[in-house]
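Given next are the chains, with one letter for each unit.
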Amino acid sequence: KPRPARFALDPPLILTMTRSSMMPVALLALGAWMLSSLTSQSGFVMNSATPRGSKVAMRGFKDDFYAWKETLSSEDQALLLKQAQNEFNKKFRASDEFKK
């Protein structure tokens, strides 16, 4: 039995099936995006303000660092200071005193 003639402007059957099956997927993705954008305040842009917890953590580290630094002997403190001051001096970095 011969197939009926189709119009020249009709899209192929495979494209019609793909478009109709993609519509529910597209609507579902759009709904999920809208729901997530309504529930989240930041969206795609990160907040540039520093979170409160990081200041507390930094303050704790600073206290711990100064407590550790005070436990060093005066000789070790002097060596640490000299190493910090000459960190970018090539001759000092090549010396044994830097490697201590």
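Structure shown above.
(A) Up close: the packing of aromatic side chains. Enumeration according to the criterion identifies 3 aromatic pairs in this entry. Ring centres 6.2 Å apart and planes at 25 degrees place the aromatic pair Phe61 and Phe65 in the stacked group. Here Phe61 and its partner Phe65 are both found in helix H2 (residues 52–71), 4 residues apart, which amounts to about one turn of the helix. Phe61 sits in the exposed class, given a relative accessible area of 51%. Under the relative-accessibility criterion, Phe65 is labelled partly exposed at 35%. Members of the aromatic cluster, connected to one another through ring pairs, are Phe61, Phe65, Tyr66 and Trp68.

(B) A look at the environment of Leu80. Position of Leu80 relative to the elements: it lies in helix H3 (residues 74–85). Relative accessible area serves as the criterion here: at 31%, Leu80 is assigned to the partly exposed category. It is 9.6 Å that separates the C-alpha atoms of Leu80 and Lys69, two residues lying 11 residues apart in sequence. Not counting chain neighbours up to four residues away, the residues in contact with Leu80 comprise Trp68, Lys69 and Leu72.

(C) Region of the structure containing the side chain of Gln83. Tracing the backbone shows Gln83 in helix H3. With residues up to four places along the chain from it excluded, the contact list for Gln83 reads Phe92, Glu97, Phe98 and Lys100.

(D) View of the pattern of salt bridges. In the structure shown here, the tally under the stated rule is 1 salt bridge. The shortest N-O distance in the salt bridge between Lys82 and Glu97 comes to 3.2 Å. Taken together, the residues Lys82 in helix H3 and Glu97 in the segment after helix H4 (90–94) connect sequence positions 15 residues apart.

(E) Spatial organisation of a nonpolar patch on the surface. A cluster of nonpolar residues, Met58, Phe61, Phe65, Tyr66, Trp68 and Leu80, forms a patch on the protein surface that exposes about 620 Å² of accessible area. For the nonpolar patch, the element with the highest residue contribution is H2, accounting for 5 residues. Along the polypeptide, Tyr66 turns up in helix H2.

(F) Spotlight on the environment of Lys100. By secondary structure assignment, the location of Lys100 is in the segment after H4. On the basis of relative accessibility, which here comes to 69%, the residue Lys100 falls in the exposed class. Sequence separation between Lys100 and Leu79 is 21 residues, and the spatial gap between their C-alpha atoms is 8.7 Å. Apart from residues no more than four positions distant in its own chain, Lys100 is found in contact with Leu79 and Gln83.

The rules behind each value
Residues numbered from 1 in each chain as written. Predicted model: local features only at pLDDT ≥ 70, side-chain atom pairs only at ≥ 80, totals over all residues. Heavy atoms only, no water. Phe/Tyr/Trp six-rings, centres within 6.5 Å; stacked < 30°, edge-to-face > 60°. Helix = DSSP H or I, 4+ residues; strand = E, 2+ residues; numbered from the N terminus. Buried < 20%, exposed > 50% of the residue type's maximum accessible area, 1.4 Å probe, protein only. Contact = heavy atoms within 4.5 Å. Salt bridge = Lys/Arg side-chain N within 4 Å of Asp/Glu carboxyl O. Patch = residues over 30% accessible without salt bridge, like charges linked within 9 Å, V, L, I, M, F, W, Y side chains within 5 Å. Areas by Shrake-Rupley, 256 points an atom, 1.4 Å probe, with all protein chains shown as cover.

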